Amino acid sequence: MVIADPPLMDSSAPELAGTPPPPAPAERSVVAQIEHLDFFYGTTQALKDVTLDLESRKVTAFIGPSGCGKSTLLRCLNRMNDLIEGARVAGGTVRIHGTNIYDRTVDVIEVRKRVGMVFQKSNPFPKSIYENITYGLRLHGRRDKSRLDAIVEQALRGAALWDEVKDRLHQSGLGLSGGQQQRLCIARAIAVEPEIILMDEPCSALDPVATAKIEELIQELRARFTIVIVTHNMQQAARVSDRTAFFYLGSLVEYADTRDIFTNPAKPQTEAYVSGRFG
Amino acid sequence: MIPPTVAAPPRFTVSRRRLRLLGLTADDGIRWFFGGNALIAVIVLTLITLFLFREGAGFFGQNRSNLEIYRRAGLEYVDFIRAQTDDHTALTRYLSDLRVRWMTWLLEQERHSLEEANARLEDFDRFADRFAGAVDPLRELMSGLADHASGIKAKYQLTQDRRVEQAQLAAAGRTAEAAGIEISAIDFERELEPLRESLPTYRQLSRDLAGELTALLAEAPAPPTPALRQRMDRFAELTREYVAGFPAVEHRLETWDSAQPVPAHRAFTSFLFGRQWLTASSWQDWYGIVPLFVGSLLVAALALLLAVPLGVGAAIYVSQLASSREQRLIKPCIEFISAIPSVVLGFFGIVILGETLRQLSQVSWLSWLPGFPYSERLNILTAGSLLALVAVPTIFTLAEDALNNVPRGFKEASLALGASQLQTVLKIIVPASLSGIVSAVLLGFGRVIGETMIVLLCAGNRIEIPDFTRGVAVVTEPVHTMTGIIAQEMGEVVRDSIHYRALFMVGLVLFLLALVINYAAQKIMRRYRLSTG
Ligand SMILES: Nc1ncnc2c1ncn2[C@@H]1O[C@H](COP(=O)(O)OP(=O)(O)OP(=O)(O)O)[C@@H](O)[C@H]1O
Ligand SMILES: [Mg+2]
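Values in this document were obtained by computation on a predicted structure and should not be read as measured data.

Asks: Is there a simple way to explain the overall build of chain B in this structure?
Replies: Helix and strand content of chain B: 22 helices and 2 strands. For 533 residues, the compact-globule estimate of 2.2 N^0.38 gives 24 Å, and the C-alpha radius of gyration of chain B, at 33 Å, exceeds that figure by more than 25%. Along the first, second and third principal axes, the C-alpha atoms of chain B reach 120 × 80 × 40 Å. Residues counted as buried form 41% of the 533 residues belonging to chain B. For chain B, the share of sequence-separated contacts (at least 6 apart) that also reach a separation of at least 24 residues comes to 77%. Carbon together with sulfur atoms contributes 61% to the accessible area of chain B, which is approximately 29400 Å² in total. With 52 positive and 53 negative side-chain charges, chain B shows a spacing of 15 Å between the two charge centroids.

Asks: Just to check I follow, could you spell out the overall build of chain A for this structure?
Replies: Secondary structure summary: chain A contains 10 helices and 10 strands in total. A burial count over chain A gives 52% of its 279 residues as buried. Put simply, 68% of the contacts in chain A that link residues at least 6 apart link residues at least 24 apart. For chain A, the computed accessible surface area is about 12500 Å², with 50% contributed by carbon and sulfur atoms.

Asks: I keep staring at the interface of chain A and chain B and nothing clicks. Help me out?
Replies: Every contact between the two is made by 23 residues of chain A and, on the other side, 18 residues of chain B. Here chain A and chain B share an interface that buries about 1800 Å² over both sides, 65% of which is from carbon and sulfur atoms. When the buried surface of chain A facing chain B is broken down by residue, R112, Y135 and L139 of chain A rank first, second and third, together holding 27% of it. In this structure, the connection of chain A to chain B is made through 1 salt bridge.

Asks: Whenever I open this one, the sheet that holds strand 2 (residues 44-55) of chain A confuses me. Can you help?
Replies: Whether parallel or antiparallel, the strands of a sheet pair through hydrogen bonds between backbone atoms. Residues and elements named next belong to chain A. One open sheet accounts for 4 strands, arranged 2-1-4-5; its pairing is antiparallel. Looking at which strands have only one partner, the edges of the open sheet turn out to be strand 2 and strand 5 (99-100). As defined by bridge partners, strand 1 (residues 30-41) adjoins strand 4 (residues 87-96) across 8 bridges and the pair is classed as antiparallel. From the neighbouring strand, F40 faces strand 4, where its bridge partner is R88.

Asks: Help me out: how do you make sense of the site of ligand 1 in this one?
Replies: Residue and element names in this part refer to chain A. Every residue lining ligand 1 is accounted for by Y41, A46, S66, G67, C68, G69, K70, S71, T72, I84, E201 and H232. S66 places a side-chain nitrogen or oxygen 2.4 Å from an oxygen atom of ligand 1. Contact between ligand 1 and G69: an oxygen atom at 3.0 Å from a main-chain N or O atom of the residue. Look at ligand 1: alone it shows 630 Å² of surface, and the protein chains cover 60% of it. Top element by residues in the shell around ligand 1 is helix 1 (residues 70-76). It accounts for 3 residues.

Asks: What should I look at first to understand the environment of D149 of chain A in this one?
Replies: Residue and element names in this part refer to chain A. Relative to the helices and strands, D149 resides in helix 4 (residues 145-158). Here D149 falls in the partly exposed class, since its relative accessible area comes to 31%. For the pair D149 and I133, spaced 16 residues apart in the sequence, the C-alpha separation amounts to 9.9 Å.

Asks: Honestly, the environment of I340 of chain B in this entry has me stumped. Any pointers?
Replies: All names here are of chain B. Topologically, I340 is positioned in the loop between helix 14 (324-337) and helix 15 (342-361). What makes I340 partly exposed here is its relative accessible area of 28%. With 127 residues separating them along the chain, I340 and D467 place their C-alpha atoms 33 Å apart.

Asks: Can you help me understand the sheet that holds strand 6 (residues 115-118) of chain A in this one?
Replies: Residues and elements named next belong to chain A. Spatially, the 6 strands line up as an open sheet ordered 6-7-8-3-9-10, and their pairing is mixed. Both outer strands of the open sheet, strand 6 and strand 10 (251-257), are each paired with one neighbouring strand and no more. Adjacent strand axes in the sheet meet at a mean angle of 20 degrees, parallel and antiparallel pairs treated alike. Lying on the sheet, helix 6 (residues 178-191) is in contact with strand 6 and strand 7 (196-200); it crosses strand 6 at an angle near 175 degrees.

Asks: Explanation requested: the packing of aromatic side chains in the structure shown.
Replies: To describe a pair of aromatic rings, one takes the distance between the centres and the angle between the planes. All told, the structure shown has 21 aromatic pairs over all chains when counted by the stated rule. Plain terms: the ring middles of F127 of chain B and F235 of chain B are 6.3 Å apart, the flat faces sit at 80 degrees to each other, and that makes the pair edge-to-face. Placement of the pair is F127 of chain B in helix 4 (residues 122-133) and F235 of chain B in helix 10 (residues 226-244), with a sequence separation of 108 residues. Judged on exposure class, the residue F127 of chain B and its partner F235 of chain B are both buried. Here the aromatic cluster, defined as three or more aromatic residues joined through ring pairs, consists of F59, F60, F268, F271, W277 and Y287 of chain B. Over the face of the ring belonging to Y255 of chain A we find R243 of chain A, whose NZ or CZ atom lies 4.4 Å from the ring centre. The cationic tip of R252 of chain B hangs over the ring face of F80 of chain B; the distance from NZ or CZ to the ring centre is 5.5 Å.

Asks: Would you explain the pattern of salt bridges in this entry?
Replies: If charged atoms from side chains of opposite charge come close, those side chains can pair. Residue and element names in this part refer to chain B. Counting across every chain of the model gives 38 salt bridges over all chains. In this structure, R470 engages E477 in a salt bridge whose closest nitrogen and oxygen atoms are separated by 3.0 Å. Residue classification places R470 among the partly exposed residues on the basis of a relative accessible area of 36%. Classification of E477 as buried rests on a relative accessible area of 7%.

Asks: Help me understand the pairing of strand 10 of chain A, please; the structure alone is not making it clear to me.
Replies: Along a regular strand, successive side chains alternate from one face of the sheet to the other. Residue and element names in this part refer to chain A. Across the 7 residues that make up strand 10, a large majority, 5, are buried. Sheet topology places strand 9 (residues 243-248) next to strand 10; 6 bridges connect them, and they run antiparallel. Across the sheet, F247 pairs through a bridge with L252, a residue of strand 10.

Asks: Mind showing me how you'd approach the side chain of H480 of chain B here?
Replies: All names here are of chain B. Tracing the backbone shows H480 in the loop between helix 20 (453-458) and helix 21 (482-489). Relative accessible area serves as the criterion here: at 1%, H480 is assigned to the buried category. There is a polar contact of 2.6 Å between the side chain of H480 and the side chain of Q488. If sequence neighbours within four positions are ignored, H480 has contacts with P291, L292, G295, S296, L456, N461, R462, I463, I485 and Q488.

About the thresholds
Residues numbered from 1 in each chain as written. Chains lettered and ligands numbered in written order. Predicted model: local features only at pLDDT ≥ 70, side-chain atom pairs only at ≥ 80, totals over all residues. Heavy atoms only, no water. Helix = DSSP H or I, 4+ residues; strand = E, 2+ residues; numbered from the N terminus. Rg over C-alpha atoms; globule rule 2.2 N^0.38 Å. Buried < 20%, exposed > 50% of the residue type's maximum accessible area, 1.4 Å probe, protein only. Contact = heavy atoms within 4.5 Å. Areas by Shrake-Rupley, 256 points an atom, 1.4 Å probe, with all protein chains shown as cover. Lys, Arg positive; Asp, Glu negative; His and termini not counted. Charge placed at Lys NZ, Arg CZ, Asp CG, Glu CD. Buried area = accessible area lost by both parts, 1.4 Å probe. Salt bridge = Lys/Arg side-chain N within 4 Å of Asp/Glu carboxyl O. Pairing = 2+ DSSP bridges. Near = heavy atom within 4 Å. Polar contact = N/O pair within 3.5 Å; in protein donor to acceptor, adjacent residues only side chain to side chain. Axes fitted to C-alpha atoms, helices over the stretch in contact; angles between N-to-C directions. Phe/Tyr/Trp six-rings, centres within 6.5 Å; stacked < 30°, edge-to-face > 60°. Lys NZ or Arg CZ within 6 Å of the ring centre and 35° of its normal.

Right, here's the structure in full:
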């Protein structure tokens, strides 16, 4: 089982059986660059001068005590913060493939198509499972029935949900269990083929078995997507992520390979947090 | 770290003695106060229901005797003949309509002067006069019989009044006086003899009429244009149908039996399906709710037609798309509408809206609109437009609640998938709150069907089923409504009279309607709560 051998035991990124090995990355390829980001909710500063790169097809974990700005940073990556009145980026840039997504000329819809999101509380639409998954595709004008059918199956298989729901695709998504709902949300996100998937505490409302399934799923998705996950669970961060960023009071304290963060942190605050002495 | 002491756990404090009054603590008092308030609401509702039922229930007995006397005094018999003469009158009207068209053609197409045109129509006028006059003997017979029947009814009512007086005196203990009142029972069979004896005369007249009409049709003048000819043909056809109906009338008169009791359900059906509401008439009162019900429904339907798009649209805008500054501006404005006293709205309706709409209808380039131009400024359109104003705040407020109650997660998920604001609203938020919106509309409907002042002032108060054959143009006709009739007539009816009870029955129908609407709205709302969690 994948979750049985945590990546920190593994020097290279673990490869899954069946998935083609990526062209061995000599240097790290960067998908998104956050540079000197300052972020405010009204007058309170939630992020202070955050600089961080997201690497392609890696799992990056954001950790830190409650209120330190993890969700805020995550939501800066797909501009979900635009919805909040008074929230604004006061300085710095967020580049995806070199384009600053906060630039005036950038279409926010385009950004969100390329950066998918899975929320803390599973939120399937009150529609059928099938419609949940095709929703994003239909928005962007995909109508071809047989193609949609194929994508639904592919997305559900991708989210390890196909076998459980293949006989009830046309029943309400709200009829699934909490863990299944969360995987449905993941399937919904991957159906539109984003490059980056943001996950904000995706397992915090789930029991250990459902959590294990999602973690396993993240391992599989890593081959195709760049994943950012916020978690309060240190073991989880250690198990699923390649890189870990530790935040404290809106600042990025340390960002390094997960193995280093957990075994050999550079900063005493990181050391104290990961060993559970504060936070 | 907490030192591991083994101190005894703290005990629960023993409840202190509290201030008691009559064995009740303050908590009990508060409990009773709130419980009492809730109870009062339940009791009041029960009382209202009971009261309405009690006052209304007597209606059926009274209505039955109302129908009974209609038959026993021979009014029903006379009305059979009256129906026939009324049909004749309708045909005469058809002819005069035809004359108007013919005349128009002569004046406008043929450019005749008025005298010339009248001269050209001489033949037609002679025909029309003969047609109209043909029914006169029958009508004379009918009115003689009508007087007689009215006389019987009056006599009967007199004895009824005497009986009541006698009963009152007896109840007051004045037995001697009570015995002094003489009451002669009416021998209906003898009284009705003149009616029965008229049957041979009727037969003769009816046959004469049939003969004359058939003869007249043969020499009907032929109009000059195809369109007019078509109308003339239609007239001939209608007349033939009318004449063909004579034997049926005769048969009805022959088999009519004054002693046959009126079935009990007629008292009920004549109210529920009766097409006439006619009170304080010298002939016969009718209490049929249909014209009022239809009036209320039409006005309410038009109001909803206008208010639903407005209210729901505004709710969607305010809850989903507006900035918070716009919200602060729009919401109080809409909610304020409901604070305007309805009598003020009604006044506005009469003076400004009704008049403006009428003048608008007379603008020539708008005459293509159905029903335009019209001359009655108070009608369904005026009342419905104003009622829409009443419904908008209700629909808006409830629909906005429903929209705001859609879990935030749905909206975020949709936006995160790359949907635009508008797509999110239309594809996720509105469907998710649909049942809430539907119940908002239902409650808006309940609000307008119960509204009184505006319809009383602006609906035109004509107690008639509007002419649906006019299609959409029906909205330019005046109607009366269930609420309006109660407000208008309740003040002047005699307590416990049949009219009084009939108004209560109308009230009861309104009450039940409101109950059903509210129940349905709540049911839908509950299902919606369950479905969105
Ligand atoms: N909508 C908002 N309006 C104002 N302030 C906000 C808002 N959302 C978050 N904040 C503030 O911004 C700071 C960072 O919040 P954020 O939600 O990013 O923290 P977090 O690290 O995700 O915490 P948690 O682990 O509890 O989810 C907090 O101090 C919070 O109070
Ligand atoms: Mg958070």
